[in-house]
Number of protein chains: 2
Amino acid sequence: MLNKDAVKAVIFDTYGTVVDWRTSIAVEANAVAQTIGFAEFDGEAFADAWRAGYHPKMKEVRDGLRPWTTNDVLHRERLEDIIPDFGLNDLDDAQRTDLNKAWHRLSPWSDSVSGITRLKRKYIVSTFSNGSYGLLLNMAKNAGIPWDSILCSDVYRAFKPAKECYLAAIELLGGEPESVMLCAAHNYDLSRGRKFGMQTAYVDRPQESGPNKTHDLKAEQDWDIITTSIEGVADQMGV
Amino acid sequence: MLNKDAVKAVIFDTYGTVVDWRTSIAVEANAVAQTIGFAEFDGEAFADAWRAGYHPKMKEVRDGLRPWTTNDVLHRERLEDIIPDFGLNDLDDAQRTDLNKAWHRLSPWSDSVSGITRLKRKYIVSTFSNGSYGLLLNMAKNAGIPWDSILCSDVYRAFKPAKECYLAAIELLGGEPESVMLCAAHNYDLSRGRKFGMQTAYVDRPQESGPNKTHDLKAEQDWDIITTSIEGVADQMGV
C-alpha cells in the first residue's frame, strides 16, 4: 500500500519507461541508412534487433561469463553483429560510432519531462538504469530531463535485475528502502524493487516495443501506483 | 594551458569550494546551543573543531585502518567526540542527529548557484566531493544547486585524494581525462586532478576557514583557470 509520506526519492527505469528507445533508434537508423543509399530502410526492425541482443549480453556479464562491460560497449558489439544482416556494411567507423550514440539521444515520452519536473519539486528524482553514466548524462542534457542524480549500472558495476543494483541504490539514497519509489514500465524490475523494500509505481507503455509487444502488457502485481504516464505518478504523489 | 573545446564536464569540490561549511555549521550550532541555555556559544570554534576531526578519520579509511565508512557516519563520530569539550552533553539524540544533518544544509557562497547554472547551459556539472551521496542530494535540494549528477566518495568508496576517486570520475564521465575540468579551492585536489589528466580551475575562497586560514591562500601552480568565484570560471569558459 502506498506510503506517500515515507517517499524521499523517485527513481526511474529509463529505457522504455522515460524514453521511447524504439522510435528514436528507428529514426536515426533510417537517416544513416539513407546516406548510404537505402531509401526504404526498416528502422523499426533494426531497432528491435539491436535491442534484442542487449539482454543476452547483459546476462553474460551478470552470470560472470565476462568481466564488467559498460552498456555503451555492449551496444556497439550488438550493432556490429547486426550490421551485415541489415545490409549496412558500407557504414564507416565514424558513422557506426555516431549511430551507437543514438542511445545518448533517445527522446522522452511526451509526459516524461513534465512529470519528472513536477516530482522534482518535492522528491529527489534519479535515473535507475542499466545505461552507461555518460550516456544517461548526455540523454538528460539532450532531452531536458532534470535528474538530480545518475544511478546506473556503471556506479555499482552490475545490471538489473542483479540485487546489487537495488541494494546500492537504497544505500546511496540513505539506507531506508521505503523512502525510495521505483517507477518502471516493467514488472520484473518492480518485482525486484519490492523484494528489497522499495515502493513501486507502474507506468503502462503500450508502444514501447511497437505494435507486437508481448511483455508488460499490464500491471502483474498490486503495485503501489498503477498509471499510464509519469504525470499520473505525479498526480498520485500529489505534486 | 586551458583547452576549452575539450571540456565536456565541470566537476566541483564542494565543501569550501561551493558551500561555506564554516558559517553554516556555526549558525546551526549556535542555534541548538541556545536551546539548551548557551546564550554565547562559539559556533565558529565548534565548526572548526568538527571539521578538524574529519580529515584524520578519512585518512584512517584511506589507509585501510578501518573499513569503508560514509562521511555522514564520520561526521557523527566527530560530533560525539567534541560534544563534551564544548559543554553540549545535554543535547539529546534527536538534537544530535539533526545537528549532524546541518552538513546536508550548508549554504552556497553567493556566486555558486549562479555560476554553476551558467556552466550547466553548456557543460555537465557535477559534485566531486568526499561527502555522502544523500548529503549532497539534500544539500542541492536545499540550496538550489542544479547538479546533473552526484560524483562522491560513496560511489567509488574512497576519499580524495585517493587516486580511485579521480580515475572513477574520469571513467564515469566517458574516459577522456581532458574532457573533465575540476574546480576546487584546494591546491592538493587540483594537483591530483592534473596528475590524472583533468583540466583545472582554482577558485580562491579566503573565508573558507575563517580569519586564520593557513592553507590554500593562493594558487600554487599555473592552474588552467585561476579566479575568485564560480562566476569567474563561467566567464573564462565563455558561458
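These numbers come from a predicted model, not from an experiment.

1. Description of the nonpolar core
- One finds Phe-12 and Leu-119 of chain A together with Phe-12 and Leu-119 of chain B to be the most contacted residues of the largest nonpolar core, which totals 157 residues.
- Excluding residues within four positions of it along the chain, Phe-12 of chain B makes contact with Val-18, Ile-116, Leu-119, Val-125, Ser-126, Thr-127, Phe-128, Ser-129, Trp-147, Cys-183 and Ile-230 of chain B.

2. Points about the packing of aromatic side chains
- With the rule as written, the count across this model stands at 28 aromatic pairs over all chains.
- Their ring planes at 35 degrees and their centres at 4.8 Å tell us that Trp-68 of chain B and Phe-159 of chain B sit as a pair that is tilted. With Trp-68 of chain B in the loop between helix H3 (54–62) and helix H4 (71–82) and Phe-159 of chain B in the loop between helix H8 (153–156) and helix H9 (163–172), this pair connects stretches of sequence that are 91 residues apart.
- In this structure Phe-159 of chain B comes out as buried when scored by relative accessible area, which is 1%.
- Residue placement shows Arg-51 of chain A over the ring face of Trp-21 of chain A; its charged tip is 5.1 Å from the ring centre.

3. Overview of unusual backbone geometry
Residue and element names in this part refer to chain A.
- In this structure, the amide linkage connecting Lys-160 to the following residue, Pro-161, adopts the cis form with an omega of 10 degrees.
- Turning to its location among the elements, Pro-161 is positioned in the loop between helix H8 (153–156) and helix H9 (163–172).
- The phi torsion at Arg-157 lies on the positive side, around 50 degrees, for a residue other than glycine.
- Among the structural elements, Arg-157 can be located in the loop between H8 and H9.
- Located in the positive-phi region is Asp-216, a residue other than glycine, with phi close to 50 degrees.
- Within the fold, Asp-216 resides in the loop between strand E5 (199–203) and strand E6 (225–227).

4. Regarding the confidence of the model for chain A
- Per-residue pLDDT for chain A averages 97, and the proportion of residues at 70 or more is 100%.
- Here the predicted complex scores 0.96 on pTM and 0.94 on ipTM.

5. A look at the interface of chain A and chain B
- If you look at the interface, chain A gives 20 residues, while chain B gives 19 residues.
- Between chain A and chain B lies a buried interface of about 1,600 Å² when both sides are counted; carbon and sulfur atoms form 56% of it.
- Among the residues chain A hides against chain B, the three largest losses belong to Tyr-133, Lys-141 and Leu-172 of chain A. Together they make up 37% of the total.
- At the boundary of chain A with chain B, the tally comes to four salt bridges.
- Here Lys-141 of chain A makes a salt bridge to Asp-148 of chain B, at a shortest N to O gap of 2.9 Å.
- Those elements that place two or more of their residues in the side of chain A that touches chain B are helix H7 (133–143), strand E3 (149–152), H8 and H9 of chain A.
- For the side of chain A that touches chain B, the element with the highest residue contribution is H7 of chain A, accounting for five residues.
- Tallied by class, the residues present in the side of chain A that touches chain B amount to 10 nonpolar, three polar and seven charged.

6. Comments concerning the sheet that holds strand E4 (residues 180–184) of chain B
- Sheet architecture is open: six strands sit in the order E3-E2-E1-E4-E5-E6 (chain B), paired in parallel fashion. Taken across any chain shown, the strands that pair with only one partner, and hence form the sheet edges, are strand E3 (149–152) and strand E6 (225–227) of chain B. Between one strand axis and the next, the sheet turns through 20 degrees on average, direction left out of account.
- Taken strand by strand, H7 of chain A contacts strand E2 (124–129) and E3 of chain B, and its axis lies near 150 degrees from that of E3 of chain B.

7. A closer look at the packing of helix H2 (residues 43–52) of chain A against helix H3 (residues 54–62) of chain A
Residues and elements named next belong to chain A.
- Orientation of H2 relative to H3, taken along the N-to-C sense of each, is 10 degrees, at an axis distance of 4 Å. Considering the angle they form, H2 stands roughly parallel to H3. In contact with Trp-50, Arg-51 and Ala-52 of H2, H3 contributes Tyr-54, His-55 and Pro-56.
- Residues of the contact of H2 with H3, tallied by class, amount to four nonpolar, one polar and one charged.

8. Quick word on the environment of Ser-229 of chain A
All names here are of chain A.
- Assignment of secondary structure puts Ser-229 in the loop between E6 and helix H11 (230–237).
- By relative accessible area, Ser-229 is classed as buried at 14%.
- As a C-alpha pair, Ser-229 and Arg-205 span 24 residues in sequence and 7.9 Å in three-dimensional space.
- Beyond its immediate stretch of four places on either side in the chain, Ser-229 contacts Asp-111, Val-203 and Arg-205.
- Engagement of the side chain of Ser-229 in a polar contact is seen with the backbone nitrogen of Glu-231, the distance being 3.4 Å.

9. Comments concerning the pattern of salt bridges
- Under the counting rule described, the total for this entry stands at 47 salt bridges over all chains.
- Of the charged contacts in the structure, one is a salt bridge between Asp-93 of chain A and Arg-76 of chain A, with a shortest N-O distance of 2.9 Å. Of the two residues, Asp-93 of chain A sits in helix H5 (residues 93–100) while Arg-76 of chain A sits in helix H4 (residues 71–82), which places them 17 residues apart along the sequence.
- Its relative accessible area of 53% is what places Asp-93 of chain A among the exposed residues.
- Across the salt bridge formed by Arg-194 of chain B and Asp-222 of chain B, the nearest N and O atoms sit 2.8 Å from each other. Separated by 28 residues along the polypeptide, Arg-194 of chain B in helix H10 (residues 187–195) and Asp-222 of chain B in the loop between strand E5 (199–203) and E6 bring together distant segments of the chain.

10. Comments concerning the sheet that holds strand E2 (residues 124–129) of chain A
Residue and element names in this part refer to chain A.
- As summarised here, the arrangement of the six strands in space is E3-E2-E1-E4-E5-E6, forming an open sheet in which the pairing is parallel. Bordering the open sheet on either side are E3 and E6, each of which pairs with just one other strand. For this sheet, the mean angle separating the axes of adjacent strands, direction not counted, is 20 degrees.
- In the sheet, strand E1 (residues 9–12) pairs with E2 via four bridges, with the strands oriented parallel. Opposite Phe-12, over in E2, you have Thr-127 as the bridge partner.

11. Some points on H7 of chain A
- When we look at burial in H7 of chain A, the residues that qualify are Tyr-133, Gly-134, Leu-135, Leu-136, Leu-137, Met-139 and Ala-140 of chain A.
- Two residues or fewer after H7 of chain A comes Gly-144 of chain A, characterised by a positive phi angle close to 75 degrees.

About the criteria used
Residues numbered from 1 in each chain as written. Chains lettered and ligands numbered in written order. Predicted model: local features only at pLDDT ≥ 70, side-chain atom pairs only at ≥ 80, totals over all residues. Heavy atoms only, no water. Core = buried A, V, L, I, M, F, W, Y, C linked by side-chain atoms within 4.5 Å. Buried < 20%, exposed > 50% of the residue type's maximum accessible area, 1.4 Å probe, protein only. Contact = heavy atoms within 4.5 Å. Phe/Tyr/Trp six-rings, centres within 6.5 Å; stacked < 30°, edge-to-face > 60°. Helix = DSSP H or I, 4+ residues; strand = E, 2+ residues; numbered from the N terminus. Lys NZ or Arg CZ within 6 Å of the ring centre and 35° of its normal. pLDDT = per-residue confidence, 0-100. Buried area = accessible area lost by both parts, 1.4 Å probe. Salt bridge = Lys/Arg side-chain N within 4 Å of Asp/Glu carboxyl O. Nonpolar A, V, L, I, M, F, W, Y, C, P; charged D, E, K, R; others polar. Pairing = 2+ DSSP bridges. Axes fitted to C-alpha atoms, helices over the stretch in contact; angles between N-to-C directions. Parallel < 35°, antiparallel > 145°, perpendicular 65-115°, else oblique. Polar contact = N/O pair within 3.5 Å; in protein donor to acceptor, adjacent residues only side chain to side chain.

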